[in-house]
Amino acid sequence: MTMEYDAQTNTGANEESLRMVSAAPIGNEPVSDEELRPHALDGFIGQPLLKAQLQLFLDAARKREVPPDHILLAGPPGLGKTTLAMIVANELGVPIRVTSGPAIQHAGDLASILSSLDTGEVLFIDEIHRLPRAAEELLYIAMEDFRVDVMVGKGPGATSIPLTLPRFTAIGATTREGMLPSPLRARFGFTAHLDFYPHGELEKLIERSSAVLGVRLGEGAAYEMAVRSRGTPRIANRLLRRVRDWAIVHDLDEVGPDDVREALELYQIDAEGLDRLDIAVLDAIVRQFNGGPVGLNTLSAMVGEESETVETVCEPYLVREGFLLRTPKGRIATGKAWAHLGLEPQSDVSKLA
Ligand SMILES: Nc1ncnc2c1ncn2[C@@H]1O[C@H](COP(=O)(O)OP(=O)(O)OP(=O)(O)O)[C@@H](O)[C@H]1O
Ligand SMILES: [Mg+2]
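Residues numbered from 1 in each chain as written. Chains lettered and ligands numbered in written order. Predicted model: local features only at pLDDT ≥ 70, side-chain atom pairs only at ≥ 80, totals over all residues. Heavy atoms only, no water.

A. Representation of the pattern of salt bridges. Applying the stated criterion across every chain yields a total of 21 salt bridges. Measuring nitrogen to oxygen at the nearest pair gives 3.0 Å for the salt bridge that ties E121 to R97. Highlighted residues: E121 in the loop between α5 (107-115) and β3 (122-126) and R97 in strand β2 (residues 96-100), separated in sequence by 24 residues. Look at R97 and you get partly exposed, because its relative accessible area is 27%. Because the salt bridges share partners, they merge into one network encompassing E224, R228, D258 and R261. (Salt bridge = Lys/Arg side-chain N within 4 Å of Asp/Glu carboxyl O. Helix = DSSP H or I, 4+ residues; strand = E, 2+ residues; numbered from the N terminus. Buried < 20%, exposed > 50% of the residue type's maximum accessible area, 1.4 Å probe, protein only.)

B. Examining the pairing of strand β7 (residues 190-193) more closely. Burial of the side chains of β7 is restricted to one face: F190 and A192 are buried, whereas none of T191 and H193 on the reverse face is. Bridge count for strand β1 (residues 71-74) against β7 is 4 bridges, and the pairing is parallel. The residue bridging L73 from the neighbouring strand is A192, located in β7. (Pairing = 2+ DSSP bridges.)

C. Main features of the site of ligand 1. Around ligand 1, 19 residues are found, and the nearest of them are R37, I45, G78, K81 and T83. Measuring from an oxygen atom of ligand 1, one finds a backbone N or O atom of L36 at 2.9 Å. At 2.8 Å from an oxygen atom of ligand 1 is found a main-chain nitrogen or oxygen belonging to K81. Protein burial of ligand 1: of its 630 Å² of free accessible surface, 94% is covered by the chains. Those elements giving two or more residues to the shell around ligand 1 turn out to be α4 (81-92) and α10 (233-249). (Near = heavy atom within 4 Å. Polar contact = N/O pair within 3.5 Å; in protein donor to acceptor, adjacent residues only side chain to side chain. Areas by Shrake-Rupley, 256 points an atom, 1.4 Å probe, with all protein chains shown as cover.)

D. Region of the structure containing the UniProt feature "binding site: ATP" (unreviewed entry) in the protein chain. Using the residue numbers shown here, the UniProt feature "binding site: ATP" (unreviewed entry) corresponds to L36, R37, G78, K81, T82, T83, E144, D145, F146, R187, Y197 and R234. Mapped onto the fold, T83 is located in helix α4. Its relative accessible area of 11% is what places T83 among the buried residues. The contact partners of T83, leaving out residues within four places of it in the chain, are R37, P38 and F44. At 3.1 Å, the side chain of T83 and the side chain of R37 are in polar contact. Topologically, D145 is positioned in helix α6 (residues 133-145). (UniProt positions renumbered as here; feature names shortened; annotations may be inferred. Contact = heavy atoms within 4.5 Å.)

Structure below.
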């Protein structure tokens, strides 16, 4: 078993987390991302190209003794965007301020955050695609010229006072890169695209997390969790916690692959890692629309979810794994989806696309 974790994340976490048997239903974990977050780039598992790029980017900034250029982190939920932002600040040894698109209602909110930054600080803006338009405009001036125009007064008598900002590093995170206006996107010196993790990387991640949580895994147990994690570290950690619960309740010293299968079956995680919502989506397309095409809004209404959740959480993985096609006419279930539901396709799926 390989163990790649840094001492920082593991300080005293073992007893602490073992006492904390979570009763939260799967898919709905409370704020527990923190305990398993690596603090240094070395502890960040997988994404080797991205890590090499980021390492070079940070080393260069350190050598030049200037704050690095702005960074955009793009990719589906749970792949490590927030984790990377924290790591960047940590590696640079600077404080990080955290805000998010929806938290900023007016450009003024952003102006006051910007004007309180110190030299070199990292400003992390989560869900940056949800910033209001006026704040977006203010942000790209701040990012490029390190300046904000503060409006004083109202109406025709209002004047704008330019305020010089210290050099800071903005880190934006988004699950919807396409929704960022191009002037804003262009202000980032480095864009990191996070992609789903292959099984081998998730296995390592689960081994690291199990060491932090004090769960002993037998041969093949991490693999059984990795293949059910939808390529996503957050899900891998969540499955591990459910397996830990199982081990505690069954008084197991070591968890084997059969225990993992049994525990996760109880939580309706199937062998391909598809969960209740994924299956509901495929089921709706196949049974209600005979395989599609069906529009996103109709589909989301059928499964009782927000269309944004279906589009950003569910679909990227289904598309990548070949269960679903996104076409201009709507969503189509592939032959693999029909087979996964144990059904024969009713029409020629390839013609629909
Ligand atoms: N490469 C990695 N190595 C180790 N742990 C990771 C890695 N990527 C993510 N994690 C773990 O997965 C959890 C989720 O990651 P994170 O919160 O950074 O995702 P995110 O991309 O910000 O998601 P969201 O879009 O929902 O905000 C974290 O608790 C972290 O411990
Ligand atoms: Mg995040």
